[in-house]
Amino acid sequence: MQFQKLASLFFVSTIFLSSSFAQEVDEKILSQDRLDIIDFSKKQNEENSSKLRKDWINPVTLSYKKDYTETYDTARSMISINQPIFKSGGIYSAIKYANVNFKYNDLDIETQRKELIKQVTTLLFNLHIIDLNIKKNEFLLKNANIDIQRKKEQVFNGFLDTSYLDNAILDANSVKNALADLYFQKKELENNFNNLASKEYKKFELPKLTLTDKENFLENSLELAKARVDVKQKDYLASMSMSQYLPTFSVSMDYSHYHDTDENPSINDETTTNYGVSVSMPLDVRALNDVEAQRIEYLKSKLNLNNIILEEQNFYKTKLSKIDMIERKKEIAKEDYKLYDSLLKIIVEEKNAQLKTQSDVDTLANSQKIKSLEVQILELQKQIELLEIYSKII
């Protein structure tokens, strides 16, 4: 009965363990340097977007000129401004483009942030999976050693030939080799995790993710949001391209001031200011090609949006199928656990009646614990699939 209680406690503790991780994925799992890089990228995007919004404003030109002649030396400073104030809708489109470009880059940075969080959290899950697999193989090794001892007694008593003992030893060695591989894989995963994380993996609690519905997934898809913004970007770019070949209305001003004229009689006014207005329109044989190319780019972006909608829908369907498959395997493992539980009761009774040995009880108890560990492993594998979905939504 003691073995039944221990096995039941082992299974219950695993259920409690998996339910206690009821928290969301936190970006603080990333190292501070990684978080700072993301913050700098956001600030850089703000500065670049602010600059882009001002691109339609021409710079003010400042100049200073010194002339040396045999008779007079003169120095002159100048301020020149030539500013378009109407570009057939181009200024409006340029400002709108700058706004959607900021949004697109912001979504792109968020995608990169989610991808980093996904990477490090997947490593965290896999480290816990490896820990469970190590425990599982330790129980397998215990059973393999029990089998070797049993086969050894049977061979010495003449009930089996040595080939059965040899096979049992080979099986134990396979488990030992598997454990050696797992220890290496764990160290490799730890090193990869430490490249991204803020502290060692054992100091983090595992998040508990839940499945979002299809409508919410599509509504908040990062890829779809980027594709929709990209359509707007291409639309404004097409308008900007067309405006380049339409009339532009500009105002200009030139201000000049003479210094150190040496009383040059040819200079009547030391200060002059000129104002002007102009209308310009380039006649470029490539204009239609440029405008049409931008229009085609816009149409391509709309088609690309349709493709991404389809891809995201199919991605979600695939993840649902994968999660369903994992749930089926979990049910099988749970049924096996219950089967071992019922068998263990019978074996313990037979052992008490001296019909079975302690090794028979130990083997079955270890097998039951293995099934409990498999349930935990499958749950963590399911969480990794949910994490894939989480990483693709805003």
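Residues numbered from 1 in each chain as written. Predicted model: local features only at pLDDT ≥ 70, side-chain atom pairs only at ≥ 80, totals over all residues. Heavy atoms only, no water.

Could you give me a rundown of the sheet that holds strand β1 (residues 61-68), with the residues and numbers involved?
Here four strands make up an open sheet; going across it, the order is β1-β2-β3-β4 and the pairing antiparallel. Two strands close off the open sheet at either side, each with one partner strand: β1 and β4 (271-280). Between one strand and the next, the sheet's axes are offset by a mean angle of 20 degrees, whatever the strand orientation. Pairing geometry for strand β3 (residues 248-259) and β4, over ten bridges, is antiparallel. Within β4, the position partnered with Thr248 by the bridge is Ser280. (Pairing = 2+ DSSP bridges. Helix = DSSP H or I, 4+ residues; strand = E, 2+ residues; numbered from the N terminus. Axes fitted to C-alpha atoms, helices over the stretch in contact; angles between N-to-C directions.)

An account of the pattern of salt bridges is needed here, citing residue identities and associated values.
Inspection of the entire model under this criterion finds 26 salt bridges. For the salt bridge of Arg150 with Asp360, the shortest nitrogen-to-oxygen distance reads 3.2 Å. One end of the pair, Arg150, is in helix α3 (residues 90-156); the other, Asp360, is in helix α8 (residues 358-390), and 210 residues separate them in sequence. A salt bridge links Asp341 to Lys345, with the nearest nitrogen and oxygen atoms 4.0 Å apart. (Salt bridge = Lys/Arg side-chain N within 4 Å of Asp/Glu carboxyl O.)

Report on unusual backbone geometry, specifying residues and quantitative values.
One non-glycine residue with positive phi stands out, namely Ser88, at about 55 degrees. If you trace the backbone, Ser88 turns up in the loop between β2 (73-86) and α3.

Break down the environment of Ser49 for me, with residues and values.
Mapped onto the elements of the fold, Ser49 is located in helix α2 (residues 32-53). A residue is classified by how much of its surface remains accessible, and Ser49, at 0% relative accessible area, is buried. Here the alpha-carbon distance between Ser49 and Asn99, two residues 50 residues apart in the chain, equals 7.1 Å. If near-sequence neighbours (up to four positions away) are discounted, Ser49 is found in contact with Ala98 and Phe102. (Buried < 20%, exposed > 50% of the residue type's maximum accessible area, 1.4 Å probe, protein only. Contact = heavy atoms within 4.5 Å.)

Remember, this is a structural readout, not a statement about activity or role.
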